[in-house]
Amino acid sequence: MRHLAAYLLLVVGGNATPTAEDVTTLLGTAGIEVDSDRLQTLITDLEGKSLAELATLGRDKLYVGGGGVASGSAPSAAPAGGAAAPVVEKKEEKPKEEEVDALDGGMDMFGGGGGGGSDY
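The shown structure was predicted, so the numbers you read here are calculated from the model rather than taken from an experiment.

As a further point, take the overall build of the chain. A tally of helices and strands in the chain yields four helices and zero strands. For the chain, the succession of helices and strands along the chain, N to C, is α-α-α-α. Looking at the chain as a whole, 12% of its 120 residues qualify as buried. Restricting to contacts in the chain with at least 6 residues of sequence separation, those with at least 24 account for 42%. Total accessible area on the chain stands at roughly 10700 Å², and carbon and sulfur atoms take up 56% of it.

And the structure:
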C-alpha cells in the first residue's frame, strides 16, 4: 500500500510515469522501507496506464450503497451462485420492567426516613 501511495503522490505531483527509483527515493525521504519485489510488481502492473484509467477500473469494483444513515447492522452480501440470502426475522425485545426500590418508604443509606433530603 505504501508503494501505491507513493506512486500516486508522484503522479499528482506532476510525474506522469514514476519509476521504481522515483518511488524508492520518495519513500526513502520519509524513512520508509521499500520492498523491491512488490514495488517492481506494482510498476509492471501500472505501466502504460493513466491515473484516470486506473480510477475508472477501480470504481467498477467498488460497492456503491445508499446515502442514507444506516440503522442496525449492514446488509450481508448475497451468497455466490445467485442464490437469494435467507431472510432473518428480527425478534422483538420485551420491555424492561422497572425495578422496585427496596428502600422505598424505608430508611435511606444515611439513616433518614427514605423520603430524601429532609435533614437539610
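Structure shown, so let's carry the discussion forward.
Once that is clear, we can look at the pattern of salt bridges. Inspection of the entire model under this criterion finds one salt bridge. With a closest N to O distance of 3.8 Å, aspartate 35 and arginine 38 form a salt bridge.

The subject of this paragraph is the environment of valine 23. Note on placement: valine 23 falls in helix H2 (residues 20-29). The class of valine 23 is buried, set by a relative accessible area of 0%. Between the C-alpha atoms of valine 23 and histidine 3, which are 20 residues apart in sequence, the distance is 6.9 Å. Excluding its chain neighbours within four sequence positions, the residues that come into contact with valine 23 are His3, Ala6, Tyr7, Leu10, Pro18, Leu39 and Ile43.

Confidence along the chain averages 75 in pLDDT terms, with 57% of residues attaining 70 or more. The lowest-confidence element of the chain is helix H4 (residues 51-61), averaging 81 in pLDDT; the highest-confidence one is H2, averaging 92.

Taken as a class, soluble globular proteins show a tendency for nonpolar side chains to be buried jointly. One finds Ala6, Tyr7, Leu10, Val11, Ala20, Val23, Leu27, Leu39, Leu42, Ile43 and Leu46 forming the largest nonpolar core, which totals eleven residues. Contacts of isoleucine 43, omitting those with residues within four sequence positions, involve Tyr7, Pro18, Thr19, Ala20 and Val23.

Every buried residue belonging to helix H1 (residues 2-12) is among His3, Ala6, Tyr7, Leu10 and Val11, and all of these are buried. Looking straight down H1, one finds that the buried residues subtend no more than 140° of arc, so they occupy a single side. Exposed side of H1, more than 90 degrees from the buried face: Leu9 and Val12 are the residues found there. Summarising the contacts, the buried residues of H1 are in contact with H2, helix H3 (36-46) and H4. Directly beyond the C-terminal end of H1, a positive phi value near 115° is found at glycine 14.

This part covers the packing of H1 against H2. At a minimum axis distance of 9 Å, the contact between H1 and H2 shows a crossing angle of 105°. The orientation of H1 with respect to H2, classified from their angle, is roughly perpendicular. For the pair H1 and H2, the contacting residues are Arg2, His3, Ala6, Tyr7, Leu9 and Leu10 in the first and Asp22, Val23, Leu26 and Leu27 in the second. Split into classes, the residues belonging to the contact of H1 with H2 amount to seven nonpolar, one polar and two charged.

Conventions used here
Residues numbered from 1 in each chain as written. Predicted model: local features only at pLDDT ≥ 70, side-chain atom pairs only at ≥ 80, totals over all residues. Heavy atoms only, no water. Helix = DSSP H or I, 4+ residues; strand = E, 2+ residues; numbered from the N terminus. Buried < 20%, exposed > 50% of the residue type's maximum accessible area, 1.4 Å probe, protein only. Contact = heavy atoms within 4.5 Å. Areas by Shrake-Rupley, 256 points an atom, 1.4 Å probe, with all protein chains shown as cover. Salt bridge = Lys/Arg side-chain N within 4 Å of Asp/Glu carboxyl O. pLDDT = per-residue confidence, 0-100. Core = buried A, V, L, I, M, F, W, Y, C linked by side-chain atoms within 4.5 Å. Arc of directions from axis to C-beta. Axes fitted to C-alpha atoms, helices over the stretch in contact; angles between N-to-C directions. Parallel < 35°, antiparallel > 145°, perpendicular 65-115°, else oblique. Nonpolar A, V, L, I, M, F, W, Y, C, P; charged D, E, K, R; others polar.

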